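# Descriptive structure summary
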Amino acid sequence: MARPVILFTAAWADLPLEELARRAEEWGYQGVELACWGDHCEVQRALSEDDYCQQKLDLLARHDLSVPVVANHRVGCAVCDPIDGRHRPLLPDYVWGDGQPAGVRQRALEEMIATVRAAQKLGAAVVSGFTGSGLWSFVAGYPRPTQQIIEAGLDDFARAWGPILDACAECGLKFACEVHPGQLAFDLYSAEAVLDAIGSREEFGFTLDPSHFHWQGVDPVEFVRRFPDRIYHVHIKDASLSLNGRSGLLNSALPPGDPRRGWDFRSPGHGGIDWEALMRALNAIGYDGPLSVDWSDPGMDRDFGAGDACHFVKRLNFPPHTGERG
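Positions within a chain are numbered from 1, following the residues in the order the chain's sequence is written. Totals for whole chains, interfaces and linings use all residues, but because this is a predicted model, local features are given only for residues with pLDDT of at least 70 and pairs of side-chain atoms are given and counted only at 80 or more. Each side-chain value is derived from all of the structure's non-hydrogen atoms; neither hydrogens nor water enter the calculation.

### A word on the overall build of the protein chain
We apply this condition: Segments assigned H or I by DSSP are reported as helices when at least four residues long, segments assigned E as strands when at least two residues long, and all are numbered from the N terminus. This radius of gyration counts C-alpha atoms alone. The globule rule is 2.2 Å times how many residues there are, raised to the power 0.38. Relative accessibility under 20% of the residue-type maximum defines a buried residue, over 50% an exposed one, and the middle range a partly exposed one, all with a 1.4 Å probe and only protein chains included. Should any heavy atoms of two residues lie within 4.5 Å, those residues are counted as being in contact.
A count of helices and strands for the protein chain gives 12 helices and 10 strands. Since a compact globule built from 326 residues should have a radius of gyration of about 20 Å, the 19 Å found for the protein chain is in line with a globular shape. For the protein chain, the spread of C-alpha atoms along the three principal axes comes to 55 × 50 × 45 Å. Taken over 326 residues, the protein chain has a buried fraction of 53%. In the protein chain, the proportion of contacts linking residues at least 24 apart, taken out of those at least 6 apart, comes to 78%.

### Notes on the pattern of salt bridges
Quick reminder of the rule: By salt bridge we mean one thing: a side-chain nitrogen of Lys or Arg within 4 Å of a carboxyl oxygen of Asp or Glu.
According to the stated counting rule, one finds 22 salt bridges in the structure shown. We note a salt bridge from Glu 49 to Arg 45, for which the minimum N-O separation is 2.8 Å. Accessibility expressed as a relative area gives 27% for Glu 49, which makes it partly exposed. Residue class for Arg 45 comes out partly exposed when judged on its relative accessible area of 36%. One salt-bridge network, in which partners are shared between bridges, spans Glu 19, Arg 22, Arg 23, Glu 26 and Asp 303.

### With respect to helix H6 (residues 101–121)
Heads up, the rule is: Expected helix span is taken as 1.5 Å per residue step, with the number of steps being one fewer than the number of residues.
Over its 21 residues, H6 extends 30 Å from the first C-alpha to the last, a length consistent with the 30 Å expected when each residue adds 1.5 Å. If you check which residues of H6 are buried, you get Val 104, Ala 108, Leu 109, Glu 111, Met 112, Ile 113, Ala 114, Thr 115, Val 116, Ala 118 and Ala 119. Trailing H6 by a residue or two, Gly 123 shows a phi angle of about 80 degrees, which is positive.

### Side note on the pairing of strand S1 (residues 5–8)
The cut-off we apply is this: In this description, strands pair whenever DSSP reports at least two bridges between them. With its strands directed away from the observer, a crossover is right-handed exactly when the path from the first strand over the helix to the second travels clockwise.
Residue alternation in S1 divides its side chains into two sets, Val 5 and Leu 7 and Ile 6 and Phe 8, and both sets are buried. With three bridges connecting them, S1 and strand S10 (residues 291–293) associate as parallel partners. Counted as the bridge partner of Ile 6 is Ser 292 from S10. The parallel pair S1 and strand S2 (residues 31–35) is bridged by helix H1 (residues 17–27), and the resulting crossover is right-handed.

### Details of unusual backbone geometry
With an omega of -5 degrees, the peptide bond running from Tyr 142 to Pro 143 counts as cis. Note that Pro 143 resides in the loop between strand S4 (126–129) and helix H7 (147–171). Phi angles above zero are rare outside glycine, and Ser 200 is one such case at about 55 degrees. For Ser 200, the position within the fold is in the loop between helix H8 (188–197) and strand S6 (204–208). The residue Ser 252 is not glycine, and still its phi comes out positive at about 55 degrees. On the secondary structure map, Ser 252 appears in the loop between strand S8 (238–241) and strand S9 (263–266).

### As for helix H3 (residues 52–61)
What counts is decided by this rule: What the arc measures is the spread of directions leading from the helix axis to the C-beta atoms.
Every buried residue of H3 is accounted for by Tyr 52, Cys 53, Lys 56, Leu 59 and Leu 60. Looking straight down H3, one finds its buried side chains confined to an arc of 125 degrees; they lie on one side. The elements touched by buried residues of H3 are H1, S2, helix H2 (43–48), strand S3 (66–71) and H6.

### A look at the packing of aromatic side chains
In plain terms, the rule: Pairing of aromatic rings covers Phe, Tyr and the six-membered ring of Trp, with a centre-to-centre limit of 6.5 Å; geometry is then stacked below 30 degrees between planes, edge-to-face above 60, and tilted otherwise. Two conditions define a charge located above a ring, namely a distance within 6 Å from the ring centre to NZ of Lys or CZ of Arg, and an angle within 35 degrees of the ring normal.
The tally for this structure, following the rule as stated, stands at 15 aromatic pairs. Geometrically, the ring pair formed by Trp 12 and Trp 295 is tilted, given 6.3 Å between the ring centres and 50 degrees between the ring planes. Taken as a pair, Trp 12 in the loop between S1 and H1 and Trp 295 in the loop between S10 and helix H12 (302–316) lie far apart in primary sequence, 283 residues in all. Judged by relative accessible area, Trp 12 falls into the buried class, the value being 0%. By relative accessible area, Trp 295 is classed as buried at 8%. Over the ring of Phe 227 we find Arg 226, and its NZ or CZ is 4.7 Å from the ring centre. Across the ring face of Trp 263, the terminal group of Arg 261 is positioned such that the distance to the ring centre comes to 5.1 Å.

In structure tokens form, the structure reads like this:
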């Protein structure tokens, strides 16, 4: 099982793709999960300019990099989120438009369909991203939402994402929803509800990022076992807990890296995740897709971290047992 080790380009979106591709090759990566911001993948140019996608592919090929996954988390959020000023810097101007929420959501939906078509042109098999959530503000808050409110939020998601999944079916791609706090699917049971809401459509599965489970107290291995046929993509990112009787899991609205927080992201291998157990679980379900380093660590230089993470994942990426058992 030769799972490629790739780099999610989001943390380097401030760099031109040409520069990042050179660095990614030096760090030892075999491909990229191409973010649809910065100049890494401009969705409308990918569809309107005949040579845009081929030029991107040629650039990456010069550095022996493939593109198995295209990611558009930022626009995906706006499909179902209640729209406010926080979304303005995340969205292309043509998606934001006049900022009226209904129009922003509709244009975000259309942009996600366009992202699927751009990913097809780039030869990717998976589009990864967020769905947005009209329910997140109710999680662990007061007053509690009624069951009717929860059902309405899930119905809204199913209506909005139906056309995007139709585009995935037409293009032969999968959408991998990243299970993440802030989204409709943020843990095991909420992921079940989201899958039920869209009738378990084959086009819809999950991006597993164990860092988002770790601080919630959810075992990512159990998630893999619960959804063995729906793990369409895997992010490699670590997290560390630092609960000391004063800090809490909600982090007190403190920024990343603040020592008063209860948890923070870490470069792979520098946190608390049991990576060997996760690799064994992925081997058990036959996952052979890429392992994508989604790098984040407020206490480490990102270029050092990217190289260190690549070496770590390659050592970790052991094949399953194939001989006689005994």
